[in-house]
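One letter stands for each residue in the lines below.
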Amino acid sequence: MNLLKKISLLTLTFLATSSINADAQVKEPNAHSKEHQNLLASQKPMSADIKIANTLKYLSELNRVEIPDESEVFGNYWESQSVNPYGNAYIPEVKDIDVSDYHAPVPGIMTSDYGWRPRFGRMHKGVDLNLHVGDTVRAAFSGKIRLTKFEQGGYGYYVVIRHDNGMETVYGHLSRFLVKPNQRVKAGEPIALGGNTGRSTGPHLHFETRYMGLAINPNALIDFKNKVTHKDVFTFNKSSVIRGLNAKPAGAKTTASKAKVSKSPKGKAAKKPAKRRK
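Sequence order as written defines residue numbering, which begins from 1 separately in each chain. The model is predicted, so local features are restricted to residues of pLDDT at least 70 and side-chain atom pairs to those at 80 or more, both for listing and for counting; the totals for chains, interfaces and linings are taken over all residues. Side-chain measures were taken over the full set of non-hydrogen atoms in the model, leaving aside hydrogen atoms and water.

Attention now goes to the overall build of the protein. Secondary structure elements follow DSSP: runs of H or I no shorter than four residues count as helices, runs of E no shorter than two count as strands, and numbering proceeds from the N terminus. Counting secondary structure elements, the protein contains 5 helices and 16 strands. Burial status across the protein gives 43% buried among its 278 residues. Between two residues, a contact is recorded if the distance between any of their heavy atoms is within 4.5 Å. Within the protein, contacts between residues separated by at least 24 positions form 71% of all contacts whose residues are at least 6 apart in sequence. As displayed, the protein offers around 15900 Å² of accessible surface, 53% of which is attributable to carbon and sulfur atoms. Categorising residues by exposure relies on relative accessible area from a 1.4 Å probe, with only protein chains included: less than 20% of the type maximum marks a residue as buried, more than 50% marks it as exposed, and the intermediate range marks it as partly exposed. For the area figures, the Shrake-Rupley method with a 1.4 Å probe applies, and any residue is considered shielded solely by the protein chains shown.

Put into structure tokens, the structure is as follows:
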């Protein structure tokens, strides 16, 4: 069992036990009328029971997540310069993924959803989140920077992070990088400044969640309105994800995108990006 997982289990078990012991040590005054004693008995506090139930539920979820070793996560398919580095690698049908350390990449609302885009005749493999040029973009989960690149006809300046839980996230249309490849980052740490580079019709963050190269609908694990994950553990289902990626209206045709492409010089960050916003 992963060391971090062991520590988490031991800590939570200790907290649950402490709650039980603390309640057991509460003593009632000796002088109580029978009626008063009966009244107190009928008013049993529920807070301790609720805390214990929540702790046990979290322990149960955490216990079913097999946390991969760092050498497995960051050792395989790391050197590739592609957004999807996995090629024909084996992808499990079902995988439980710990997403409990999620941090919203930007505070802005969703402006464009995951799914088929009839206007452009292509699949939108992430969601677009509102921001201004120069806004700070943060890591959604803890992990290590795999790529910081420029793609004029697509993502513009973009960052790919591989996370400790085995997932990868992609952050597109940036104006400046604040990190470098192989750099360790924690959830919530600044990684870039927002922008309008690449194939973009206005300032926004294009955000993707991927597992083994497959783009998962971010809404399946994240509640963007409340900026939290739906659960601490997300269950990846390969068949379901592939169906989502292949979903498009009957008779829909794939056409070239007509979105405006920025003219940022390839491989070179903007010299004078907008002032950094917090």
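Now for the nonpolar core. Val137, Tyr171, Ile191, Leu205, Phe207 and Phe236 are the most contacted members of the largest nonpolar core, which totals 43 residues. If we skip the residues at most four places from it in the chain, Leu205 touches Pro105, Val106, Val127, Asp128, Leu129, Leu131, Val137, Tyr171, Gly172 and Leu174. Counting residues in hydrophobic clusters, the runner-up holds 6 residues, among them Leu147, Tyr155, Tyr158 and Val170. The nonpolar core is taken to be a set of buried Ala, Val, Leu, Ile, Met, Phe, Trp, Tyr and Cys residues, with the residues joined through side-chain atoms within 4.5 Å.

Once that is clear, we can look at the pairing of strand β1 (residues 94–98). Most of β1 sits out of view: 4 of its 5 residues are buried. Any two strands are treated as partners once DSSP identifies two or more bridges connecting them. Pairing geometry for β1 and strand β16 (residues 233–237), over 5 bridges, is antiparallel. Following the sheet pairing, Asp98 is matched in β16 by Val233.

Counted as salt bridges are all cases of a side-chain nitrogen of Lys or Arg within 4 Å of a carboxyl oxygen of Asp or Glu. Summed over the entire model, instances satisfying the criterion amount to 6 salt bridges. The shortest N-O distance in the salt bridge between Glu70 and Arg184 comes to 3.5 Å. Remark: Arg184 occurs in strand β10 (residues 184–185) and Glu70 occurs in helix α4 (residues 70–75); sequence separation between them is 114 residues. Residue Glu70 is classed as partly exposed on the basis of its relative accessible area, which comes to 45%. Close ionic contact of Asp128 with Arg117 constitutes a salt bridge, the shortest N to O distance being 3.0 Å. Of this pair, Asp128 sits in strand β5 (residues 127–130) while Arg117 sits in strand β3 (residues 115–117); the two residues are 11 residues apart in sequence, bridging distant segments of the chain. Look at Asp128 and you get buried, because its relative accessible area is 6%.

On to unusual backbone geometry. Of note in this structure, His173 is not a glycine but carries a positive phi near 70 degrees. Turning to its location among the elements, His173 is positioned in strand β9 (residues 167–177). Its relative accessible area of 5% is what places His173 among the buried residues. Even without glycine at this site, Met212 takes up a positive phi of about 50 degrees.

Only the six-membered ring of Trp is used, alongside the rings of Phe and Tyr, when aromatic pairs are assigned; centres must lie within 6.5 Å, and planes under 30 degrees apart are stacked while those over 60 apart are edge-to-face, with the rest tilted. Using the criterion set out here, one finds 9 aromatic pairs in the structure. Between Tyr102 and Phe141, the ring centres sit 5.6 Å apart and the planes meet at 55 degrees, which makes this aromatic pair tilted. Taken together, the residues span a long stretch of sequence, with Tyr102 in the loop between β1 and β2 (110–112) and Phe141 in the loop between β6 (136–138) and β7 (143–151) at a distance of 39 residues. We classify Tyr102 as buried; its relative accessible area is 13%.

Right, let's talk about the environment of Val94 for a bit. Looking at the element boundaries, Val94 is found in strand β1. It is 6.8 Å that separates the C-alpha atoms of Val94 and Thr235, two residues lying 141 residues apart in sequence. Beyond its immediate stretch of four places on either side in the chain, Val94 contacts Thr235, Phe236 and Asn237.

With that out of the way, let us pick up the confidence of the model for the protein. Averaged over all residues, the pLDDT of the protein is 81; the fraction at 70 or higher stands at 66%. Scored between 0 and 100, pLDDT is the confidence that the predictor attaches to each residue. Across residues 22–27 the pLDDT falls below 50, and counting only partners more than four positions away or on other chains, this stretch makes 1 contact in the model. A low-confidence stretch, residues 256–272 (pLDDT under 50), is modelled with 33 contacts involving residues beyond four sequence positions or located in other chains.

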